[in-house]
Amino acid sequence: MSGAVHRALVRLPADARGRTRVEVTEVRTPRLEPGDALLAPVIAGVCGTDWQILRGLRDDPTPVLGHEGVARVVESGDTGLPAGSLVTVNPTHPGDPSFLLGHNLPGLWAERTRIPATAVRAGLVLPVPEGADRPGVAALAEPLASALYGLEIALAVTRPAALVVWGDGIVGRLARDAWQRELPGLATLLVGHGADAVHPRDAGLPELLAALPAPVGVVIATPRTATREALTAVDRHVRGTLLVDVHAGLPPGPVPLSSGEADVAALRAGNCGGEPRPPRVHHVDRPAGPLLLYGHRGVSGGHLRTAVDLLLQQGEPSGKGVLTHEVDLTGATDLVNSVLESDRRAAGGRRVLKAAIRMGRGDDG
């Protein structure tokens, strides 16, 4: 592979206004070290974290993003992965912070992606059934797996009578579906900017929060810039036992709560890749009732396999159109740059919830 090149969707340096763009360009296909695997991505997703990186809200260094999707094995060395087999990649290594696919290592927005031996040995390259390369499976499996991880932690603590999903993007909608499937009859409140959600600035929202039956589970799936606002609002207005999954990221540092300050970013990192068991949940006494606070990073292989199986069996969750855009590499360039040039996450006159990129040449070298 020493002279080989492949196409990738590459993030360009920010301009004088601090804005970046992407372009399709040829890059050198990496050499493999012993134990590495070389993959040919088939479908790659575009997620909220990718938008945050592209907008400069995170400092992840790789110019090639993409941590969601499925691929074919091109070269497997001595890994035991059959060439041509269909796989997905768990993007977060539970014990090796040097592997974070599409964040500090080149990701799946490319025709070839190298997965280092440390990730292969950890079982992060997972075989998936044929059919998992459909956009509605490949692009949704990782965010659904993350929603399932948060639900698993919640049910290890209590059985909520009501659910607040703050953030009506892809993760929020997948989380709502997963919780309602597991807990039929669950009273649910969606907070966001869509037509079926209560706006965060709605004057009646505090009253709606206060009226929910306890225990109340909350999934915060906002953009990074809105996480603190969501957390402080539910802490202020929800009565009784409050269980909060801080799914969204947030800047480090203390967050003022009704019971005092808490470094929520540090607490959020307490669970990673399905470990530890039992999960870490931070208990806080507050005037309105106990606050049970947790978060999580990454998912386990079991979460990913369950998500793939659910999507293969049931199709796109609830038929709600969460997969809004399907594009090839050229179309991905237009979509991403169109969004980055505006202040809204919309393209082609439609809100971008989840986009799936069909990669180029497949596994034919």
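One can find the structure itself at the top, above this paragraph.
The structure reproduced in this document is the subject of the present report.

Regarding the packing of helix α4 (residues 141-155) against helix α9 (residues 301-314)
For the pair α4 and α9, the least separation of the axes is 8 Å and the interaxial angle reads 115°. Judged by the twist between their axes, the crossing of α4 over α9 is right-handed. Contacts from Ala141, Glu142, Leu144, Ala145, Leu148, Tyr149 and Glu152 of α4 reach α9 at His303, Leu304, Thr306, Ala307, Val308, Leu310 and Leu311. Grouping the constituent residues of the contact of α4 with α9 by class yields ten nonpolar, two polar and two charged.

Some thoughts on the nonpolar core
Judged by nonpolar contacts, the single largest core of 46 residues is most densely connected at Leu144, Trp179 and Tyr294. At the level of secondary structure, the elements contributing two or more residues to this core comprise α3 (135-138), α4, β8 (162-166), α5 (170-182), β15 (291-294) and α9. Among the elements that take part in this core, α4 stands out by supplying nine residues, more than any other. Discounting residues that sit within four places of it in the chain, Tyr294 has contacts with Gly150, Ile153, Ala154, Trp179, Leu243, Val244, Asp245, Val246, Asn271, Arg280 and Val281. Grouped together as the second largest cluster of nonpolar side chains are 40 residues, Val73, Val87, Val336 and Val352 included.

Focus on empty space enclosed by the protein
In total, this model carries two cavities of 30 Å³ or more according to the counting rule given. Approximately 30 Å³ is the volume attributed to the second largest cavity. Lining of the second largest cavity is provided by His67, Glu68, Gly69, Thr88, Val89, Pro91, Ala138, Ala141, Glu142 and Leu304. Of all the secondary structure elements, the ones that give two or more residues to the lining of the second largest cavity are β5 (86-89) and α4. Here the lining of the second largest cavity is built from residues that sort into five nonpolar, three polar and two charged.

Let's talk about unusual backbone geometry
Omega for the bond connecting Glu275 with Pro276 falls within 30 degrees of zero, at 0°, which places this linkage in the cis form. Within the secondary structure, Pro276 sits in the loop between α8 (264-268) and β14 (282-284).

Some details on the pairing of strand β9 (residues 187-191)
Pairing between β8 and β9: five bridges, direction parallel. Residue Val165 lies in a different strand from β9, and its bridge partner there is Leu190. Each parallel crossover has a hand, and for β8 linked through α5 to β9 it is right-handed.

Here we look at the environment of His282
Along the chain, His282 turns up in strand β14. In this structure His282 comes out as partly exposed when scored by relative accessible area, which is 35%. Filtering out sequence-adjacent residues up to four positions away, His282 remains in contact with Leu267, Leu291, Leu292 and Leu293.

Looking at the environment of Ala175
Examined against the element boundaries, Ala175 turns out to sit in helix α5. Given the relative accessible area of 1%, Ala175 is considered buried. For Ala175 and Ala355, which are 180 residues apart along the polypeptide, the C-alpha to C-alpha distance reads 18 Å. Contacts of Ala175, omitting those with residues within four sequence positions, involve Ala147 and Val219.

Overview of α9
For α9, spanning 14 residues, the distance from its first C-alpha to its last is 20 Å, which sits close to the expected 20 Å at 1.5 Å a residue. Along α9, the residues that are buried comprise Gly301, His303, Leu304, Ala307, Val308, Leu310 and Leu311. Considering only its buried residues, α9 is in contact with β5, β7 (125-127), α3, α4 and α5. Following α9 by one or two positions, Gly315 has its phi on the positive side, about 75°.

A look at the sheet that holds strand β10 (residues 216-220)
Paired through their backbone hydrogen bonds, the strands of a sheet run either parallel or antiparallel. If you walk across this open sheet you meet the six strands as β9-β8-β10-β11-β15-β14, and the pairing is mixed. Each of the sheet's edge strands pairs with one partner strand only, and the pair in question is β9 and β14. Ignoring strand direction, the axes of neighbouring strands in this sheet form an average angle of 15°. With four bridges joining them, strand β11 (residues 242-246) and β15 adopt parallel strand pairing. If you follow Asp245 over to β15, its bridge partner there is Tyr294.

About the cut-offs
- Sequence positions are assigned chain by chain, starting from 1 and proceeding in written order.
- With pLDDT at 70 or above as the cut-off, local features in this predicted model cover only qualifying residues; side-chain atom pairs require 80 or more to be listed or tallied, and sums for whole chains, interfaces and linings still use all residues.
- With hydrogens and water excluded, all non-hydrogen atoms of the structure serve as input to the side-chain values.
- In this analysis, axes come from line fits to C-alpha atoms, helices being fitted only over the stretch in contact, and the angle between any two N-to-C directions falls in the range 0 to 180 degrees.
- Numbering of helices and strands runs from the N terminus, with a helix taken as a DSSP run of H or I at least four residues long and a strand as a DSSP run of E at least two residues long.
- Put simply, a crossing is left-handed when the front helix is turned counterclockwise from the back one by less than a right angle, and right-handed when it is turned clockwise.
- In this description, contact between two residues means that some pair of their heavy atoms is separated by no more than 4.5 Å.
- Side-chain classes follow a simple rule in which Ala, Val, Leu, Ile, Met, Phe, Trp, Tyr, Cys and Pro form the nonpolar group, Asp, Glu, Lys and Arg form the charged group, and the remainder, Gly included, forms the polar group.
- Side-chain atoms within 4.5 Å link the members of a nonpolar core, which is a set of buried Ala, Val, Leu, Ile, Met, Phe, Trp, Tyr and Cys residues.
- With a 1.4 Å probe rolled over the protein chains alone, any residue whose accessible area is under 20% of its type maximum counts as buried; one over 50% counts as exposed, and the rest are partly exposed.
- Site definitions follow a grid-based scheme: protein atoms alone, a 1 Å grid, a 1.4 Å probe that fits but cannot get out for cavities, and for pockets an open set with protein on both sides within 12 Å along at least five of seven lines, plus lining residues having an atom within 4 Å of a point.
- Grid points are joined across faces, edges and corners, and a volume is the space filled by probe spheres set on the points.
- We treat two strands as partners when DSSP finds at least two bridges between them.
- The path from the first strand over the helix to the second decides the hand: if it runs clockwise while the strands point away from the viewer, the crossover is right-handed.
- To estimate the expected span of a helix, subtract one from its residue number and multiply by 1.5 Å.

Note that every value here comes from positions in space, so none of it alone points to a role or purpose.
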